[in-house]
There are 2 protein chains.
Amino acid sequence: VTEKITIALDAMGGDHGVSVVVPAAIAYLKEHPNQRLILVGGEEAIRQYLPDSKVPDNLSIHAASQEVGMNELPSQALRKKKDSSMRVALDLVKAGMADACVSAGNTGALMATARFVLKMLPNVDRPAIITALPAVNGRTWMLDLGANVDCSAEHLFQFAVMGSELVTVIDGIAAPKVGLLNIGQEEIKGNEQVKGAHELLRHTSLNYMGYVEGDDIYLNEEVDIVVTDGFIGNIALKTSEGVAKMIRSNLKEEFSRNILTKLSALIALPVLKGLGRRIDPRRYNGASLLGLRGVVVKSHGGTDALGYAHAIDIAAKAVRSDIAARIEAGVSKHLSDQRATA
Amino acid sequence: VTEKITIALDAMGGDHGVSVVVPAAIAYLKEHPNQRLILVGGEEAIRQYLPDSKVPDNLSIHAASQEVGMNELPSQALRKKKDSSMRVALDLVKAGMADACVSAGNTGALMATARFVLKMLPNVDRPAIITALPAVNGRTWMLDLGANVDCSAEHLFQFAVMGSELVTVIDGIAAPKVGLLNIGQEEIKGNEQVKGAHELLRHTSLNYMGYVEGDDIYLNEEVDIVVTDGFIGNIALKTSEGVAKMIRSNLKEEFSRNILTKLSALIALPVLKGLGRRIDPRRYNGASLLGLRGVVVKSHGGTDALGYAHAIDIAAKAVRSDIAARIEAGVSKHLSDQRATA
């Protein structure tokens, strides 16, 4: 880790590319003048969004001639896009010229390319994606979120260990409570992978709480970390977005019903704004790819500059806490615990 | 179908048993004097909640000496509880003494017992649970919700056909739009079962829209029916409950912040009540078990009399529309369509 943290940004990635990434980088450096950012991508495109005045010294451009499409097959991106902004940003991390990479691009391509370029930590089979979610009592972390469709019990076990290490570091909780997402707390329920992971987790020194259900994610009473496979994690996340959108739309409709309700909307505005702030997805933007030999953060593809800057901040925190080394040590410790007692 | 619809109620089932089921039955019959209800369970317990005055002629008691516990293993319930209120209520349907059964009891036991007593329709392997959910534009139906943990492509296909028949009858939509829950609309994503079901569904005359994501459940723009396996369906449902609870709790906290926000809460009360009504789970209570030779409706275990009465109403509607025969015909038609084009 260099003294000044340097983060490489995939400037072309995401739904809005340079129009979000470049302003986010400038805003971020205003708040964090001691860090360095490298914008990776088409020089011309990037310069369009740079101020005409002097560009700060700690912001540089690194050229890359290609872009990975949002719907491109990961295997295609890996084979044919060797000079993509995503790939080059990861290469900079590999080469030690950057401490971390942030991308809002194609998740599957980012997973595959990061894995190829940076390699996995020992004893970790696959990278997992983790993010924090707002909850009634604080916040809850969930992984995996989209990367791994068919997960074995061992994969779920590794996710639990990696999540536990990250949350210890980021939230400063010594032994974060880990739960396994299932369809009921009774031991009889669940599919084979979940039951297998339950057996593995019971034999570690993790603070394992057993099975949790979908509503526990947003209550944060039982757990700090919810572990599930990437298919279910992604569906839980998208379903949550759907519910929040529906409630927002319903509130809007109810408040615009007549002149009296419109008036009450004006009066309730500070409250509604407070609510909006609490569940603002931009404040939670930035999902970490765990299990790699390096720090990679995925920003939501559709976020704005505020959300993107938050993802940069997540990456900086992960670098400062040397998360990859922590995970490597944690996985090795918990694996040997588990072997000793199994 | 008798002229007067008769519904057998598992009076002992659910978190609150007779204290909810009996008042719900009385309230329901006030609104629907032309129907008949049979309260199945412990006579003494039931009578405690009956009015001292005359009990209506169309409400009767049918004794059953046992109860199925909420956490009892389905196989245990099936073997050892042959005189349970749940089993006897289903026996009444089998014997033609009732047209439908409603239970708020143990879901797994209800599935297993209903399957054993009533048997499956031809070409349907497993019962599925379906319910309507509130959405921005109307409502969306989702199945399966908890019964089937490991589903094959064929199971998902059967769920789609059964859901389509039910929604046609209940909502009067000639060709309801069916979507398959996945983690992205691109054809490359998803697990093997989902991909297989996608292939099967493409070769039917169902109004199949392809893959949908979690947020589509609550938007009801792309689809009327969302098909998924019981594990994911249950998690999506519970996660949704969690988000709604969190937003409710946040709103409460924001509104009670100070005297001004408390005042604005008073002013916004009609709006908040309107919102509450729209997403009130009691108004959506009553999930149908599809695929059986008979009508069985599962009420939420924790609902109150208002919610339970809604589940009785769902059962009455299913009986009136002869849903089992419709599903039998539908499955057979779509299977032969699919075989012809495959």
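Okay, so let's go over this structure. This is a predicted model, so every value here is computed, not measured.

## Re the overall build of chain A
A count of helices and strands for chain A gives 12 helices and 11 strands. For 342 residues, the compact-globule estimate of 2.2 N^0.38 gives 20 Å, and chain A sits close to it at 21 Å. Taking the principal axes of the C-alpha coordinates as reference, chain A spans close to 65 × 60 × 35 Å. Considering chain A as a whole, with its 342 residues, one finds that 58% of them fall into the buried category. Long-range contacts, defined here as pairs at least 24 residues apart, represent 69% of the contacts in chain A between residues at least 6 apart. Within the structure as shown, chain A displays about 13,800 Å² of accessible surface, and the carbon and sulfur contribution to it stands at 52%. Mean positive and mean negative side-chain charge positions of chain A (37 and 39 charges, respectively) differ by 4 Å.

## A closer look at the relation of the copies chain A and chain B
It takes a turn of 180° to lay chain A on chain B, together with a shift of 0.0 Å along the axis; the resulting RMSD is 0.0 Å. Seen this way, the second copy is the image of the first under a two-fold rotation axis. Taken together, the interface assignments show that 98% of the residues at the interface of chain A recur at the interface of chain B, consistent with an identical surface on both copies.

## Section: the sheet that holds strand β6 (residues 138-143) of chain B
Residue and element names in this part refer to chain B. The 11 strands are arranged β3-β2-β1-β4-β11-β10-β5-β6-β9-β7-β8 in an open sheet whose pairing can be described as mixed. This sheet does not close on itself; its edge strands, each paired only once, are β3 (59-63) and β8 (207-212). In this sheet, neighbouring strand axes are inclined to one another by 25° on average, regardless of whether the strands run parallel or antiparallel. The strands that helix α5 (residues 107-118) touches are β4 (100-103), β5 (128-135), β10 (287-290) and β11 (295-298); relative to β11, the one it contacts most, it runs at about 175°.

## With respect to the interface of chain A and chain B
Contact residues are listed per partner, giving 56 residues for chain A and 55 residues for chain B. Considering only the side of chain A, the residues that lose the most area to chain B are Ile183, Phe231 and Arg278 of chain A, jointly responsible for 13% of the buried surface there. Along the contact surface separating chain A from chain B lie four salt bridges. Here Asp215 of chain A makes a salt bridge to Lys245 of chain B, at a shortest N to O gap of 3.3 Å. Between chain A and chain B we count six residue pairs in polar contact (both at pLDDT 80 or more) in total. At the level of elements, β5 (128-135), α8 (230-255), α9 (259-267) and α10 (269-278) of chain A are the ones that each hand at least two residues to the side of chain A that touches chain B. Element by element, the count of residues in the side of chain A that touches chain B is highest for α8 of chain A, at 22 residues. Residue classes in the side of chain A that touches chain B are distributed as 29 nonpolar, 16 polar and 11 charged.

Rules of the game
- Residues numbered from 1 in each chain as written.
- Chains lettered and ligands numbered in written order.
- Predicted model: local features only at pLDDT ≥ 70, side-chain atom pairs only at ≥ 80, totals over all residues.
- Heavy atoms only, no water.
- Helix = DSSP H or I, 4+ residues; strand = E, 2+ residues; numbered from the N terminus.
- Rg over C-alpha atoms; globule rule 2.2 N^0.38 Å.
- Buried < 20%, exposed > 50% of the residue type's maximum accessible area, 1.4 Å probe, protein only.
- Contact = heavy atoms within 4.5 Å.
- Areas by Shrake-Rupley, 256 points an atom, 1.4 Å probe, with all protein chains shown as cover.
- Lys, Arg positive; Asp, Glu negative; His and termini not counted.
- Charge placed at Lys NZ, Arg CZ, Asp CG, Glu CD.
- Least-squares fit on C-alpha atoms with pLDDT ≥ 70 in both.
- Pairing = 2+ DSSP bridges.
- Axes fitted to C-alpha atoms, helices over the stretch in contact; angles between N-to-C directions.
- Buried area = accessible area lost by both parts, 1.4 Å probe.
- Salt bridge = Lys/Arg side-chain N within 4 Å of Asp/Glu carboxyl O.
- Polar contact = N/O pair within 3.5 Å; in protein donor to acceptor, adjacent residues only side chain to side chain.
- Nonpolar A, V, L, I, M, F, W, Y, C, P; charged D, E, K, R; others polar.

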